[in-house]
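# Secondary and tertiary structure notes
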Amino acid sequence: MTAGAAANKYLLDIQDLDVDFEQQRGLAQALRGVDIRLQTGETHALVGESGSGKTVTSMCIMGLLAMPPGRVNRGKIIFQKRDLLQLNENERRKVRGKDIGMIFQEPGKYLNPAYKIGEQITESLILHLKMKKKAATENALDLLNLVGLGKNRRVLKSYPHELSGGMKQRAMIAMAIACHPALLIADEPTTALDVTLQLQILRLLLKLKEKFAMGILFISHDLGVVKEIADRISVIYAGKIIESATKSQLFENPLHPYTKLLLLSIPDATKRGERLRAIPGTVPDAEDVPPGCSFHPRCPLAEDECRDAIPPDIDYGDGHQAACFLIGRKWIHS
Amino acid sequence: MDPFIEIKNLVKDFYGRGLLNRRKLAVRAVDRVSFDIHRNTVFGLVGESGCGKTTLVRSILYLDPPTSGEIRIDGTSLGNLSSHQLRSFRKRMQIVFQDPNSALNPKMRIEDSLAEGLVNRRFPAAERDRRIKRLLDLVGIATTHRSRFPHEFSGGQKQRIVIARALCMEPDFLVLDEPVSNLDVSIQAQIINLLLDLKKELALTYLFISHDLNLVGYFSDRLAVMYQGRLVELASADEIMRNPCHPYTRKLFSSMPGKNTAIGEAEDDDENANLESSDGKIAALSAACCTYADECPIGDRQCKTDEPELMEIADGHRIACFKA
Amino acid sequence: MIRVIPGDPALVIAGIDASQSDIDAIRAKLGTDAPVFSQYVNWIWDVMRFDFGDSMISGQPVTRLILDRFPLTLSLALMGMVISIIIAIPLGVISAVKRWSFWDYLGMAFSQIGMAVPSFWLGILLLLLLSVKFKIFPLFGSGTIMHLILPAVSLGIARAAVLLRLTRASMTEELSKEYVITARSKGMTERIVYYKHALKNALLPVITIGGIQLGYMLGGAIIIEQVFSLPGLGRLFLFGVYQRDFPLIQGGVVFVAFAFSLINFLVDMLYSFLNPKIRIN
């Protein structure tokens, strides 16, 4: 099976993506060979802590990384049968906003304070779909309705600061899906929101996914949120995917020690007064990635071979993949 | 034994300017809040943005004195103190905020940030030095890093330094306002463990505020749920986690990510009015009704005309609701 | 306050050989023999009725003197402003967009030199070069656009230097903000990102400073007017001070203050137009 044929099956197929940043304090290895496969209609969560490379991945798909300090060493990002990395800037720009939409974490900061919401929605419609202003405005109204703000002209004419946090996030979603993109990248869209709002926004995203037959790449550090919304989950650590599985596979039977420890560190109200199972140490800086398995300095199970070589990605059945030498030999006890 | 901290009928109003520039009540941010905190326990406070928890905290610490009500710490009522006495009393209560970046002066080395608190107490340099070492040890920061600047540390480390600084006054009472919300999951656990250890070692009392119901339920001994300036439920953490009674508490629980079984099956409520709910809404005035009545699934006429008081429904479990 | 300065207008008017009685008569006519306080009160009373009194030296109403010269100063100030904007804003924006490029270095060099060089020196240089050597522009006088170009350029360049730095800094800051990422993520062209999204926000502080500069210039760019012998407000007030012409000076002060306040008010209006956050509902 050629790479081309395999790529056809997936909406987004990231193969062996390796990205570095040249910085003053050294070379930052942001992504060290990342593989992610996402199908249409699938919500794929990319889970990781800060500094693990999840945002770099999303920015790279969008082509928003500044390429002087950034450099793609190898890899392919195959989207709708084309390798995005082979396209020139103008072609990539045409994909952005039209075929791939993106929503961000803090809508207050990610919306332009000087322009009305309506204008910020219609500009995509006018640029990409060549709509005339009047049609675009009506279309924008429909979009607002879709995201739960009603056919509200007042909102169209409002400035971002006049809306509440939840409304701003919905407006941002309307902007991102305006051109009915095939893929939606959501970078921590609910992290800055209240709990009750989180749920509403997550439900909204799922509804829109159904309606437009989109794929969603959902980036988060919050395992609880991921459990709500994801079909498949990839866990990223220090620029590499260390485990990839369906939601039930990951939560019922986590294979990689990092995943397991992450799940165990979540507070449990029945264990009040007991210390939490914290993972010692911190996520390594991209300039200082440990040799071999990047998790080995913090791993309670680590052996010599973990330092000497990078563990390969192995499929343990039904598409549940993990990269660790010790799976099946040593276990973290609950 | 008397509770260490007693809050009685705390009210905080904010005024605007009405006609002819007269003072006009604009918002009642804290509406007759009462609760007690016992020594060496953790009292948790849960609420969403705009519920008034930050204002409540500022009032308790007397950073923004309350409009009315009483705050007693160890038997002493803060309202009775002169400003000089208040200043020395303040040393006993410290606060740790959510964002370590804004809490630490980026231009000061961390040993200087820590020394600030100690200098004011007139310690000789050698003693100051010893205390700084001890504080850094307590929170798990290598003393060899004492001359570094905040930006040279990670988020979790910065938060540890902020905690160390709060401790240099040797307080009894620590207010923790979302202390781990900005941190990664694995670091959160480390900081929570640190706080647990410190509580044991230094016999501290905590007021722990968070939007993470799971975390508060785990960390606290007693727990209160706040909505639009009022406490709607108050009980031991165990009780609330097992048996939440107030409709709002139940809504918070059901909204907790990870607890939902079938998210797709829920009603299509995001089409309409729910967008305004709990979304930064502030109570316009102290309405003589249940402030949750508008969204409450079990509310009725009585809820809109009468104000429910916090009443005991079981041993130590109080809720403010007519219907539960 | 000006009365504290030594110097008596009566003497200036009367001339060196005047007799004491002449001087006294002039003083009586001017009213300077009355106590200072009552002179001030009288003057305030007149100002309320827009009467600035008469110039002590020339005898003409101060109001007329000011109004005669105002159009010239206004034209000069506006031209200076226009030149300043034309140079500073495009160059500032390009500097920010293409940092460390040729244009950026050019802009920064210009800015440095512009701030270091006094405008009158530049004015004299331009005069020597373009009026004396090459005889393109007239040497002195007023009345046509040609008379105004060189002084406006001298004024404008000095102001442009400051405005350029500000534009560059403001634009750079806006370009680092998150909403720029959103605009790019929607597939907006770089041009739209820079000139629609970022620029509107970046212009805010620039407008404020620009407005203040205009206010100053309205008061009369004194030195420039001297260098180019332009009969503008600046020169008028300068001579007023030389000659201790109190009503003129006082009138001048009030006028400048008024002009400045008006400019500030207009700038505030413009600011609220550009920045929706501070509009009055």
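Given the structure is predicted, the values throughout are model-derived calculations rather than measurements. (Residues numbered from 1 in each chain as written. Chains lettered and ligands numbered in written order. Predicted model: local features only at pLDDT ≥ 70, side-chain atom pairs only at ≥ 80, totals over all residues.)

Attention now goes to the interface of chain B and chain A. Contact with chain B, which involves 38 residues of that partner, is made by 38 residues of chain A. Put simply, the parts of the chain that give the side of chain B that touches chain A at least two residues each are α7 (185-202), α8 (213-219), α9 (237-242) and α10 (247-255) of chain B. If you tally residues by element for the side of chain B that touches chain A, the top one is α7 of chain B, at eight residues. Of the residues belonging to the side of chain B that touches chain A, the class tally is 16 nonpolar, 16 polar and six charged. (Contact = placed C-beta atoms within 7 Å. Helix = DSSP H or I, 4+ residues; strand = E, 2+ residues; numbered from the N terminus. Nonpolar A, V, L, I, M, F, W, Y, C, P; charged D, E, K, R; others polar.)

Three or more residues of α10 of chain B are buried, namely P247, Y248, T249, K251, L252 and S255 of chain B. Each element contacted by the buried residues of α10 of chain B is listed here: α9 (195-212) of chain A together with β3 (42-46), α8, β9 (222-227), β10 (230-236) and α9 of chain B. (Buried ≥ 20, exposed ≤ 12 C-beta atoms within 10 Å, placed from the backbone.)

For the rest of this paragraph, the subject is the interface of chain C and chain A. Each partner contributes residues to the interface: chain C has 18 residues there, and chain A has 22 residues. Of all the elements in the fold, those that place two or more residues in the side of chain C that touches chain A are α8 (178-185) and α9 (190-218) of chain C. Take the side of chain C that touches chain A: its biggest share by element is seven residues, from α8 of chain C. Looking at the side of chain C that touches chain A, its residues break down into six nonpolar, seven polar and five charged.

Tracing the chain through its elements places N90 of chain A in helix α3 (residues 89-95). The spatial distance from the C-alpha of N90 of chain A to the C-alpha of A238 of chain A is 31 Å, given a sequence separation of 148 residues.

A few words on the packing of helix α6 (residues 119-133) of chain C against helix α7 (residues 145-175) of chain C. Packed helix pairs are specified by the crossing angle of their axes together with the interaxial distance, meaning the distance between the axes. All names here are of chain C. At a minimum axis distance of 9 Å, the contact between α6 and α7 shows a crossing angle of 145 degrees. The handedness of the crossing between α6 and α7 comes out as right-handed. Touching S119, L122, G123, L126, L127 and L130 of α6 are L150, P151, V153, S154, L155, I157 and A158, all from α7. Residue composition of the contact of α6 with α7, grouped by class: 10 nonpolar, three polar and no charged. (Axes fitted to C-alpha atoms, helices over the stretch in contact; angles between N-to-C directions. Left-handed = near helix turned anticlockwise from the far one by under 90°.)

What follows deals with helix α6 (residues 155-167) of chain B. Residues and elements named next belong to chain B. Along its 13 residues, α6 runs 19 Å from first to last C-alpha, staying within 8% of the 18 Å computed at 1.5 Å per residue. Counting buried residues along α6, 12 of its 13 residues qualify, which places the element largely inside the surrounding structure. By the burial criterion, the buried members of α6 are G156, Q157, K158, Q159, R160, I161, V162, I163, A164, R165, A166 and L167. (Expected span 1.5 Å × (residues − 1).)

Residues L144, M172, A174, L183, I185 and L217 of chain A are the most contacted members of the largest nonpolar core, which totals 157 residues. Considering every element that reaches this core, the biggest residue donor is helix α4 (residues 62-97) of chain C, with 15 residues. Sequence-distant contacts of L144 of chain A, defined by excluding residues within four places in its chain, comprise L149, G150, K151, N152, V155, L156 and A174 of chain A. L104, L136, I209 and V216 of chain B belong to the second largest nonpolar core, which has 81 residues in total. (Core = buried A, V, L, I, M, F, W, Y, C linked by C-beta atoms within 7 Å.)

For the rest of this paragraph, the subject is the sheet that holds strand β9 (residues 232-237) of chain A. Within a beta sheet, neighbouring strands are joined by backbone hydrogen bonds and run either parallel or antiparallel to one another. Residues and elements named next belong to chain A. Ordered in space as β6-β7-β8-β3-β9-β10-β12-β11, the eight strands form an open sheet in which the pairing is mixed. Looking at which strands have only one partner, the edges of the open sheet turn out to be β6 (100-103) and β11 (314-315). Sheet topology note: the β11/strand β12 (residues 321-322) ladder contains two bridges and is antiparallel. Bridging from a neighbouring strand, D315 pairs with Q321 of β12. Of the strands in this sheet, β6 and β7 (183-187) touch helix α8 (residues 165-177), which is tilted by about 165 degrees from β6. (Pairing = 2+ DSSP bridges.)

All names here are of chain B. Across the sheet, which stays open at both edges, the eight strands sit in the order β6-β7-β8-β3-β9-β10-β12-β11 with mixed pairing between neighbours. Across the chains shown, the open sheet's two edge strands, defined by having one partner strand only, are β6 (93-96) and β11 (311-314). On average, adjacent strands in this sheet sit at an angle of 20 degrees to one another, irrespective of strand direction.

Residue and element names in this part refer to chain B. With 84% of its residues at a pLDDT of at least 70, chain B reaches an overall mean of 81. Taken element by element, chain B is modelled with least confidence in helix α11 (residues 301-305), mean pLDDT 69, and with most confidence in β3, mean pLDDT 94. For residues 261-286, every residue scores under 50 in pLDDT, and the model assigns this stretch 42 contacts once sequence neighbours within four places are set aside. In the predicted complex, the global pTM is 0.82; the interface-specific ipTM is 0.88. (pLDDT = per-residue confidence, 0-100.)

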